[in-house]
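The primary structure of each chain is shown beneath.
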Amino acid sequence: MSEENPLPPGLQINPNTGEIYGYPTTAGIYYFSIEVTDSELLKGQLFCTIEVFDSPIITIENLPVGVWNQAYSCLLSYTGGVTPFSWGITRGNLPEGLLFNTSTGNISGTPFEYGNFDLQITVRDSNNCTYS
């Protein structure tokens, strides 16, 4: 492998097998070359590209407070990741009367239940990367 064209940070190459392994830590497009020399000292070179995407991150920490028997709407937002996305509630439940759109991340409806509701919400991108 050429030092001028390194692998993405967090990845390594096994010099005996050529296996690239590890967990990339920085998003970006990485260009590098791999050179192989056989027992006859014949050389070959392969030019490679690896694209590393950011994982999605939910950008809202706390949902707005809802009021019993009054319309409610909250669109969850994210950064990073690769479309399309899907959303889910992985722990807890919404108050009665609210619905969660797993395609858009919108919580809407009219709550008909009092209390505090502890939720864990997860977003998953098309690379199967998740954030909760």
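Calculation rules
Residues numbered from 1 in each chain as written. Predicted model: local features only at pLDDT ≥ 70, side-chain atom pairs only at ≥ 80, totals over all residues. Heavy atoms only, no water. Helix = DSSP H or I, 4+ residues; strand = E, 2+ residues; numbered from the N terminus. Rg over C-alpha atoms; globule rule 2.2 N^0.38 Å. Buried < 20%, exposed > 50% of the residue type's maximum accessible area, 1.4 Å probe, protein only. Contact = heavy atoms within 4.5 Å. Areas by Shrake-Rupley, 256 points an atom, 1.4 Å probe, with all protein chains shown as cover. Pairing = 2+ DSSP bridges. Axes fitted to C-alpha atoms, helices over the stretch in contact; angles between N-to-C directions. Core = buried A, V, L, I, M, F, W, Y, C linked by side-chain atoms within 4.5 Å.

Undergrad: Before we go on, may I ask you to explain the overall build of the protein in this structure?
TA: If you tally the helices and strands in the protein, you get zero helices and twelve strands. Along the protein, helices (α) and strands (β) appear in the sequence β-β-β-β-β-β-β-β-β-β-β-β when read from the amino end. On C-alpha atoms alone, the protein measures out to a radius of gyration of 23 Å, which is more than a quarter above the 14 Å that the 2.2 N^0.38 rule sets for 132 residues. Projected onto its principal axes, the C-alpha coordinates of the protein cover approximately 80 × 20 × 20 Å. Scored against the burial criterion, the 132 residues of the protein give a buried share of 23%. Looking at the protein alone, contacts between residues at least 24 apart form 47% of all its contacts between residues at least 6 apart. When the accessible area of the protein is evaluated, it comes to approximately 9100 Å², of which 51% is carbon and sulfur surface.

Undergrad: In this structure, what is going on with the sheet that holds strand β12 (residues 130-131)? I would like to understand it.
TA: Within a beta sheet, neighbouring strands are joined by backbone hydrogen bonds and run either parallel or antiparallel to one another. In spatial order, the strands read β8-β11-β12; together these three strands make up an open sheet with antiparallel pairing. In the strand order of this sheet, the two ends are held by β8 (86-91) and β12, each with one partner. One ladder, built from two bridges, connects strand β11 (residues 120-124) with β12; its direction is antiparallel. Across the sheet, residue arginine 124 finds its bridge partner in β12, namely threonine 130.

Undergrad: Explain the environment of proline 15 here, please?
TA: Within the secondary structure, proline 15 sits in the loop between β1 (11-13) and β2 (20-22). Considered as a pair, proline 15 and serine 86 are 71 residues apart in the sequence and their alpha carbons are 39 Å apart.

Undergrad: Just checking my understanding: could you explain the sheet that holds strand β9 (residues 98-101) for this structure?
TA: Spatial strand order, β6-β10-β9: three strands in an open sheet with antiparallel pairing. Lying at the two open borders of the sheet, with one neighbouring strand each, are β6 (72-75) and β9. Averaged over neighbouring strand pairs, the angle between their axes works out to 15° when direction is ignored. One ladder, built from four bridges, connects β6 with strand β10 (residues 106-109); its direction is antiparallel. Across the sheet, serine 73 pairs through a bridge with serine 108, a residue of β10.

Undergrad: Please clarify how the nonpolar core should be interpreted in this entry.
TA: Grouped burial of nonpolar side chains is what soluble globular proteins tend to show. Membership of the largest hydrophobic core comes to 13 residues, with the highest contact counts inside it found for Leu76, Trp87, Leu94, Phe100, Ile107 and Ile121. Listing elements by their share of this core, those giving two or more residues are β6, β9 and β11. Excluding residues that lie within four positions of it along the chain, phenylalanine 100 makes contacts with Leu76, Trp87, Gly88, Ile89, Leu94, Gly105, Asn106, Ile107 and Ile121. One finds Leu7, Leu11, Ile34 and Cys48 within the second-largest nonpolar core, a separate group that totals five residues.

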